[in-house]
Amino acid sequence: MPQSAIDNSVQAGENGTGSEVLRVTPLVDGHNDLPWALREMFGPDAATRLGELDLDTDLRQAHPELHTDLVRAAEGGLGAQFWSVYVPCSYTGSSAVTAVLQQIELAHAMVRRYPDRLGLATTAAEAREVFASGRLASLLGAEGGHCIDDSLTVLRALYRLGVRYMTLTHNENTNWADSATDEPAHGGLTEFGRRVVAEMNALGMLVDLSHVAESTMRAALEVSSAPVIFSHSCAKAVTDSPRNVPDDVLTTMAGNGGVCMVSFVPGFVSKKIAAWDEQVRAAMDAAGDRYVDLGRRSAFIETWDGPPRPQATLEDVLEHLDHVREVAGIEHIGLGGDYDGVAAQPRGLEDVTGYRLLFDTLAERGWSRTDLGKLAGENALRVLADAESTASR
């Protein structure tokens, strides 16, 4: 669909038919960083300060920096959300454990504060039950394996607290797994890293391979006895970003029964922005700065005299969805927008209300309602249920 047609569709809103699927199928988004956005607003004890911000209002005017509130989540048709309990790589050791516990409590506090809007879910069945009650099912995903401080006991504790996936790395290597955006150190997974994957299988916690190096993807797929996910990644064959998934891994992932939850992050979906990001990386390397540090990267870009950042579009996202569907199959694709994890999203998908436009546009492109239902959440819930069924403790 040409950009002009997409722009016209933006005005149409719910008039299309694809979004009608979301009335009966939970739209499961694999990754939303609202808890970290709230932490940046209120500090480490954000869980105790939720009364200072009413998430059950449309915050577009009062807080334009936020992509998510409960009004817009409902408008966008969200049915189940994995809230990211993210910890930056700058937190290490016990401080990383403390931070992830604070984020978990913040997510639980959100659910407690808005019981008419949100319901905690720790299983696929519970997610469906909460959705059927008219609320947004709230699941938890830990982003960055450094948050367990090399401890399987901490990993188990996170599971008991409701965490149902863990991303093995973030932007830097852990002591046991290589990241996509760091220098290789382990050849993928160390022996302990393999034990982490096995322990996650035993718990029924999904192994999330977003952010990890290709060698780590392949190693984890060799080890995992349960389907894996990519909670917010795109197709490398479309956009050559280190954060995206190569075709051979997509094929292996499909054989494993997993799901690639396509992200909207502009740098992952847009070829032009990926090339621009490489210019930023080169400039930071030349200046002796650390590109993998998101805070330093943002500060660098503010004063950089390089070219302006290009604009990503809905059409970029559609290209990735079509490619992952073609390579992995319709049973192995989902959505992980990464709202509130980046400063800006593609045109047409600026905040969580954009999901309805996405589904209407896909219907116009010929996606059937059955296929749209699988994309929306049936695939993600199947994978979660499969992980539960293989758990041994």
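Provided above is the structure to which this section pertains.
Below, the structure is looked at part by part. Just so you know, these numbers come straight off a predicted model, no measurement behind them.

### Digging into the overall build of the protein
Tallying secondary structure elements over the protein gives 15 helices and nine strands in all. Here the C-alpha atoms of the protein give a radius of gyration of 19 Å, agreeing with the 21 Å that 2.2 N^0.38 yields for 393 residues. Every one of the 393 residues in the protein was classed for burial, and the buried ones make up 60%. In the protein, 72% of the contacts between residues at least 6 apart in sequence involve partners at least 24 apart. Only carbon and sulfur atoms are counted for the fraction: they give 48% of the accessible area of the protein, which is about 14600 Å². Averaging the coordinates of the 33 positive side-chain charges in the protein and doing the same for the 56 negative ones gives two points 3 Å apart.

### Digging into the packing of aromatic side chains
Under the defined criterion, the tally for this structure stands at nine aromatic pairs. Both rings, one in W36 and one in Y91, keep their centres 6.3 Å apart while their planes meet at 90 degrees; by these two values the pair is edge-to-face. Of this pair, W36 sits in helix 2 (residues 34-42) while Y91 sits in the loop between strand 2 (78-86) and helix 4 (93-113), and the two are 55 residues apart along the sequence. Residue classification places W36 among the buried positions, given a relative accessible area of 12%. Clustering of aromatic rings is evident, with ring pairs tying together W36, Y86 and Y91. When the ring centre of Y159 is taken as reference, the NZ or CZ atom of R164 above it lies at 3.7 Å. Over the aromatic face of W367 sits the side chain of R325, whose NZ or CZ is 4.4 Å from the ring centroid.

### Considerations on the nonpolar core
Ranked by internal contacts, the top residues of the largest apolar core, which has 99 residues, are M166, L168, L209, L321, L358 and F359. Per-element tally for this core: the top contributor is helix 4, with ten residues. Grouped together as the second largest cluster of nonpolar side chains are 19 residues, V28, A121, I229 and L381 included.

### Some details on the pairing of strand 2
Strand 2 sits mainly inside the fold: nine of its nine residues count as buried. One ladder, built from four bridges, connects strand 1 (residues 27-32) with strand 2; its direction is parallel. Looking at strand 2, one finds that L27 is bridged to L78.

### Notes on helix 11 (residues 271-286)
Think of an α-helix as turning once every 3.6 residues; residues three or four places apart then point the same way. Look at helix 11: 23 Å from first C-alpha to last across 16 residues, which is about the 22 Å you get at 1.5 Å a residue. The inward-facing, buried residues of helix 11 contact helix 10 (266-269) and helix 12 (294-303). Residue G288 follows helix 11 closely and has a positive phi angle near 75 degrees.

### A few points about the environment of R194
By secondary structure assignment, the location of R194 is in helix 7 (residues 191-203). C-alpha separation for the pair R194 and A177, spaced 17 residues apart in sequence, amounts to 9.0 Å. Setting aside residues up to four positions removed in sequence, R194 forms contacts with L189, A219, E222 and V223.

### So, the packing of helix 8 (residues 214-223) against helix 9 (residues 247-256)
At a minimum axis distance of 11 Å, the contact between helix 8 and helix 9 shows a crossing angle of 20 degrees. Classified by the angle between their axes, helix 8 and helix 9 sit roughly parallel to one another. Between helix 8 and helix 9 lies a crossing whose hand is left-handed. Of the residues in helix 9, those touching helix 8 at M217, R218 and L221 are D248, V249, T252, M253 and N256.

### A word on helix 5 (residues 124-132)
Among all positions in helix 5, only A124, A127, V130 and F131 are buried. Projected down its long axis, helix 5 shows its buried positions confined to an angular sector of 125 degrees, all on one face. Of the exposed residues in helix 5, those oriented more than 90 degrees away from the buried face are E129 and A132. Residues of helix 5 that are buried make contact with strand 2, strand 3 (118-120), strand 4 (136-143) and helix 15 (369-390). Two residues or fewer past helix 5, G134 is found with a positive phi of approximately 90 degrees.

### Side note on the pattern of salt bridges
What the rule picks out here adds up to 26 salt bridges. Across the salt bridge formed by E214 and R218, the nearest N and O atoms sit 3.6 Å from each other. Taken together, the residues E214 and R218, both in helix 8 and four residues apart, mark about one turn of the helix. Since its relative accessible area comes to 23%, E214 is described here as partly exposed. We note a salt bridge from K236 to D240, for which the minimum N-O separation is 3.8 Å.

What counts, and at which threshold
Residues numbered from 1 in each chain as written. Predicted model: local features only at pLDDT ≥ 70, side-chain atom pairs only at ≥ 80, totals over all residues. Heavy atoms only, no water. Helix = DSSP H or I, 4+ residues; strand = E, 2+ residues; numbered from the N terminus. Rg over C-alpha atoms; globule rule 2.2 N^0.38 Å. Buried < 20%, exposed > 50% of the residue type's maximum accessible area, 1.4 Å probe, protein only. Contact = heavy atoms within 4.5 Å. Areas by Shrake-Rupley, 256 points an atom, 1.4 Å probe, with all protein chains shown as cover. Lys, Arg positive; Asp, Glu negative; His and termini not counted. Charge placed at Lys NZ, Arg CZ, Asp CG, Glu CD. Phe/Tyr/Trp six-rings, centres within 6.5 Å; stacked < 30°, edge-to-face > 60°. Lys NZ or Arg CZ within 6 Å of the ring centre and 35° of its normal. Core = buried A, V, L, I, M, F, W, Y, C linked by side-chain atoms within 4.5 Å. Pairing = 2+ DSSP bridges. Expected span 1.5 Å × (residues − 1). Axes fitted to C-alpha atoms, helices over the stretch in contact; angles between N-to-C directions. Parallel < 35°, antiparallel > 145°, perpendicular 65-115°, else oblique. Left-handed = near helix turned anticlockwise from the far one by under 90°. Arc of directions from axis to C-beta. Salt bridge = Lys/Arg side-chain N within 4 Å of Asp/Glu carboxyl O.

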